[in-house]
Every structure is written in structure tokens, then in C-alpha cells.
Amino acid sequence: MSFGVFRSAASVGRAAGMRGGAYGQLRFMSKLKEPKEPSIVTSEIPGPASKTVLKNLSQLQDTRAAVFAVDYSKCVGNYITDADGNMLLDMYCQIASIPVGYNNPRLLAAAKDPRMGTALANRPALGVFPSVEWAQMLEEAFMRVRPAGMDMVFTSAHGSDANEIAYKAAFMHYARKRRGMRAFSETELKSVMENKAPGAPDVAILSFSKGFHGRLFGSLSTTRSKALHKIDIPAFKWPRSPFPQLKYPLEKYAAENAQEEKRCLEELERVLRTNPIPVAAVIIEPVQSEGGDRHASAEFFRAVRSITSENDVLLIVDEVQTGCGATGTFWAHEQWKLESPPDMVTFSKKMQAAGFYHTREMVPDQPYRNFNTWLGDPPRALIASAIVSEVLEKNLVQNVSETGSYLLSHLRPLAVRYHRLVTNVRGNGTFLAFDCPSAELRTEFLELMRMEGVNMGGSGERAVRFRPMLTLSKSHVNIFLTRFESVLNKLYKKHWPQ
């Protein structure tokens, strides 16, 4: 088969009239400027070039979920460029994973940092041979934005991995408290090699209905968002508790929502006290992002923390999607104003690195227990450091708060005007969402938005989610709103003609 459609970095550089190899291309990309507005040059998306790329790629990997092929050398700021040259305002951003814009100059500069070349050429087994700079990298990338109450950070590969390793920390902590100071017994050491108790005890992680915490074996057992994620995979018999299904607008349904949260909290208490398998930890998302952008009040989360503390159960806050500023605070759980902090906070996505923050009590009593070869990746830490510097120096969390308020102030009246298509507008910062009447209409909406030059995504059964960069501005919002209303009018004319 022919792969002529794939272009190397060098060929892209030659096409752009560059010289000097990879660094020349980085200089070129750092000078890219955002267009004034989106530009669509094909009659459909994916266009012919994207289709060719995906056809070739499909012989090597499953591409059935792919939307279009991207030319990342030509993406810039808030705009994503596909293989055909279409430039779309990106309000989805690699499933909420691009924080400060495509080809951000600071991140490109980080790619040229001498430490980057050394780290790429000599990937260390950090648990046994950490580099002389690793502590400084951890401080610059993670600890200067650590959540309140967190003492340490465990770096890992991705969000699922971060949650999975946090579960292990919870189980080890649970067992240590019950074992006390004694050594492992001979029975424990023998039984664990047969996957039996007491060495492999029946202990659980409790999660919430519609939650998503990853697709590895342990994390998948706590994922409750879609059956397709879980079908055919063996699972631990771990409990779940209901997560509130709030009604909107919040001010109209305050009493009903308070009662719904009370019901869910009572059920959480009941499950923790009566579940036949003891629960070591509860994991919860500040926003159930894959489950349909489901929210709860700060009072609800404070009550969850109180219940876990009263029942001697750890609390893990999954900030994989909500972390790094998207909700208007660097960590979404800051908005809960907890009296006592969580025991662990997991992160990934916009941090461009992964892991979990934790208290010192979560460190196992022996080395090599919570462990793997890499324990993170220095190149990702260098990129995370550049991201954090960009966020802090440019006050991007404040920008998110202001831009999000501006967007929300326009979405709400549009939801009244186009109430058959847009309902339940909700969210904080630019981490917003609304519901469509059906999954089919949502798909139609997203396809039309792409043809208008805006890339968006869905969540849950029928929600449309906003996951833009932290650099989204009011001018970008205005570009979005014009195209948003155009699509809403098209759908109204088609489905509800006057």
C-alpha cells in the first residue's frame, strides 16, 4: 500500500520553504498566527485528503472513531487544521487536553530545551535512577500548583493509569491500618500468589453512577458511563452510589435539587455501612464529564467528604478532565471549600502529564510496592512546567472565568429562543454543556457545526460539551455564537418548519 499522503516533518518544512530540519520547523510553527475566522474549503468533513489518510491508517489501526485527520504543523492557537486545509475554531481540543493553544511558542521553546533532548535520548527508570534534575522538574511542573493539603506527587502515564495507581495506594493504606506494625504473615504471602485472601483481600473502591475513571481493569470497574466501555471485560464486584441528576435552571429547582442530593448522600452512607465488601476509598469527579456533564453543588461534595471521613474511607478526587483551570479555578474542587482536603487528587489531560497528588500517609510502608519502570516521563514534565508557567504568567484561569461568564450569558437566552434544541445549559468557567433532545439530533448538530467551522464534541447520551483552550477569548466566543445560531436556525427550519 502507498503511504504517500503521510508527510514527515522534513517534507512539511520543505513545503513551507524552511531549512534547518526539526528546529527550523519549530521556528516556523512558533510564528504561526491565528486566522480572523474559520475557513472551510471542502464540501464535507472529512474531506478527500482526510479520507485518504484515514483509509491508509485503517490498515494499521482502527480508525472508526476518527473524525478527520489533522495537520498539526498548521494548527495554531485556538484553531485546528485538517489534512484538507480546513481551519476550525476548536471547542473540543483533543477531548479537553490542549490547554494553551496549538503550537504555543512557550511549549515549542520547551521542545528545544537541552534537558528535553537529554530526556528523550535517555529515558530514565525514575524509581531507581532518577535524574539530578527530577526534583526540580517535579517542583516546576506539579508542586507549585499542588492542591491544598497535598504533600507529594506520583507521576504516571495517563489518566486511567493515575486512577489505577491511586486505587493501589488506597488498598495498601487500608491494609496497613488493619495490620498495624506487624510483618506480612506467611499465609498472606502464600495466598496472594494464588489471588486469594487474606493476601489478596476483598476490598473495594466505590464510584458513582455515570462516572468515568478510565479503561484499565481497576479503573474500568469504577467506570459507569457507558456499557460499551465495559462489555466483555471481567470486573471487580465493587459498589456504586447514585450521583445527583439536577434539574435546570438551578434557581427554579432549588428545592427539588436539594432533595435529590439528600437522597444520594443517604444512599452513599447506606452503601458504605452495609456493603458486604469493605470500601477503602470513594472516587468522584467534580463534573461527570463523560457521563453527560453532570454537576452537583458544593454542599453535596462537602457532605461526601464528611461522610467518607466519618466512615474512615479515603476520598479520591478525579480531576483528570476538570483540572488545570477549565472550570475557573486551577482545580475544580477548590470551589467546594472543603474543611479537610481529599486524600488524593488525580490529573492528566490539560496538564499534558499524569499522576496523582497525595498526602504522606499514602506512601506504602515498603519500596517497590506502588511502582513501575518509568514512573512518569521527564519530557512530559518539561511540557507541563511550560504549561503551568503560561497559565500563571498570563492569568489564564481568570481569563477562563471571564470568558466562560460571557459565553454562558449568551447561551442562556439562546436556550430560551431555541428551546427545542438547547436545554439544561450548565457549567463553570468554559467547562460548559447543554443537552440536545436526542443523540441523533446531537450528531446532526455537531456535523453542521464542523461545516460552519467549529469543532465540538458530545458527552453522555445527548449532551454537547464545551472544552476549549484556556486562551479562548470573547472574540472567539463571538465567532462561535454567529455559527452556533446559524446551525440552530438550519435545524429549526428542517425539523420544525413554520
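Above this text sits the structure in question.
These lines cover the structure that appears in this document, whether it is placed above or below. Only a predicted model underlies this, so the values are computations on that prediction, with no experimental measurement involved.

A few words now on the overall build of the chain. Helices and strands together make up the secondary structure of the chain, namely 17 helices and 14 strands. Computed over C-alpha atoms, the radius of gyration of the chain comes to 24 Å, within 12% of the 23 Å expected from 2.2 N^0.38 for 498 residues, which places it in the range of a compact globule. Across its three principal directions, the C-alpha atoms of the chain cover 70 × 60 × 45 Å. Accessible surface, the chain as shown: approximately 23,200 Å² in total, 54% of it carbon and sulfur. Taking the average location of the 62 positive side-chain charges in the chain and that of its 51 negative ones, the two points are 4 Å from each other.

A few words now on unusual backbone geometry. Geometrically, the link from I45 to P46 is a cis peptide bond, its omega value of 10° lying close to zero. In this structure, P46 sits in the loop between helix 2 (21-30) and helix 3 (48-57). Even without being glycine, A96 reaches a positive phi, approximately 70°. Residue classification places A96 among the buried positions, given a relative accessible area of 0%. Despite not being glycine, C324 shows a phi value in the positive range, around 70°. Checked against the element boundaries, C324 lands in the loop between strand 7 (314-318) and strand 8 (344-347).

Helical geometry: 3.6 residues make up each α-helical turn, so side chains three or four residues apart lie on a common side. Compared with the 32 Å implied by 1.5 Å per residue over 22 residues, the 31 Å span of helix 15 (residues 396-417) between its first and last C-alpha is a close match. All of the buried residues in helix 15 are L396, V397, V400, T403, G404, L407, L408, L411, L414 and A415. End-on, the buried residues of helix 15 take up no more than an arc of 150°, which puts them together on one face. In this structure, helix 15 carries V416 and R417 as exposed residues pointing more than 90 degrees from its buried face. Buried positions along helix 15 lie against helix 14 (378-393), strand 10 (423-428), strand 11 (431-435) and helix 17 (474-495).

At a closest axis distance of 10 Å, the pairing of helix 15 and helix 17 adopts a crossing angle of 15°. When the axis of helix 15 is compared with that of helix 17, the two are roughly parallel. Here helix 15 runs over helix 17; the crossing is right-handed. In this structure, helix 15 uses E402, T403, Y406, L407, H410, L411, L414 and R417 to contact helix 17, whose residues at the interface are K474, V477, N478, F480, L481, F484, E485 and Y492.

Here seven strands make up an open sheet; going across it, the order is 3-9-8-7-6-4-5 and the pairing mixed. In the strand order of this sheet, the two ends are held by strand 3 (152-156) and strand 5 (240-241), each with one partner. Bridge count between strand 4 (residues 204-208) and strand 5: two bridges; the pairing is parallel. Paired with S207 across the strands is R240, a residue of strand 5.

Summed over all chains, the structure comprises 24 aromatic pairs. Put simply, the rings of F142, F330, W331, F347 and Y357 touch in pairs and so form one group of aromatic residues. The cationic tip of R467 hangs over the ring face of F431; the distance from NZ or CZ to the ring centre is 3.6 Å.

Ranked by size, the top nonpolar core spans 75 residues in total, and within it F142, I284, F300, F330, M344, M351 and Y357 carry the most contacts. When residues in this core are grouped by element, the largest group, eight residues, is from helix 14. Not counting the four nearest positions on each side in its chain, F300 is found in contact with F208, F243, P244, E261, C264, L265 and I284.

It is worth spelling out the pattern of salt bridges at this point. The final tally for this structure, using the stated rule, is 27 salt bridges. A salt bridge links E44 to K51, with the nearest nitrogen and oxygen atoms 2.6 Å apart. Where E390 meets R106, a salt bridge forms, and the shortest distance between an N and an O atom there is 2.6 Å. Here E390, found in helix 14, pairs with R106, found in helix 5 (residues 105-111); they are 284 residues apart in sequence, far enough to count as distant. The class for E390 is buried, based on a relative accessible area of 4%.

Another point: the sheet that holds strand 2 (residues 87-90). Here three strands make up an open sheet; going across it, the order is 1-2-12 and the pairing mixed. The two strands at the open ends of the sheet, each matched to only one other strand, are strand 1 (79-81) and strand 12 (454-455). With three bridges joining them, strand 1 and strand 2 adopt antiparallel strand pairing. For T81, the partnering residue across the bridge sits in strand 2 and is M87. Each of strand 1, strand 2 and strand 12 touches helix 17; the most contacted strand, strand 2, lies at about 110° to it.

Conventions and cut-offs
- Residues numbered from 1 in each chain as written.
- Predicted model: local features only at pLDDT ≥ 70, side-chain atom pairs only at ≥ 80, totals over all residues.
- Heavy atoms only, no water.
- Helix = DSSP H or I, 4+ residues; strand = E, 2+ residues; numbered from the N terminus.
- Rg over C-alpha atoms; globule rule 2.2 N^0.38 Å.
- Areas by Shrake-Rupley, 256 points an atom, 1.4 Å probe, with all protein chains shown as cover.
- Lys, Arg positive; Asp, Glu negative; His and termini not counted.
- Charge placed at Lys NZ, Arg CZ, Asp CG, Glu CD.
- Buried < 20%, exposed > 50% of the residue type's maximum accessible area, 1.4 Å probe, protein only.
- Expected span 1.5 Å × (residues − 1).
- Arc of directions from axis to C-beta.
- Contact = heavy atoms within 4.5 Å.
- Axes fitted to C-alpha atoms, helices over the stretch in contact; angles between N-to-C directions.
- Parallel < 35°, antiparallel > 145°, perpendicular 65-115°, else oblique.
- Left-handed = near helix turned anticlockwise from the far one by under 90°.
- Pairing = 2+ DSSP bridges.
- Phe/Tyr/Trp six-rings, centres within 6.5 Å; stacked < 30°, edge-to-face > 60°.
- Lys NZ or Arg CZ within 6 Å of the ring centre and 35° of its normal.
- Core = buried A, V, L, I, M, F, W, Y, C linked by side-chain atoms within 4.5 Å.
- Salt bridge = Lys/Arg side-chain N within 4 Å of Asp/Glu carboxyl O.

This is a description of form; function is not addressed.
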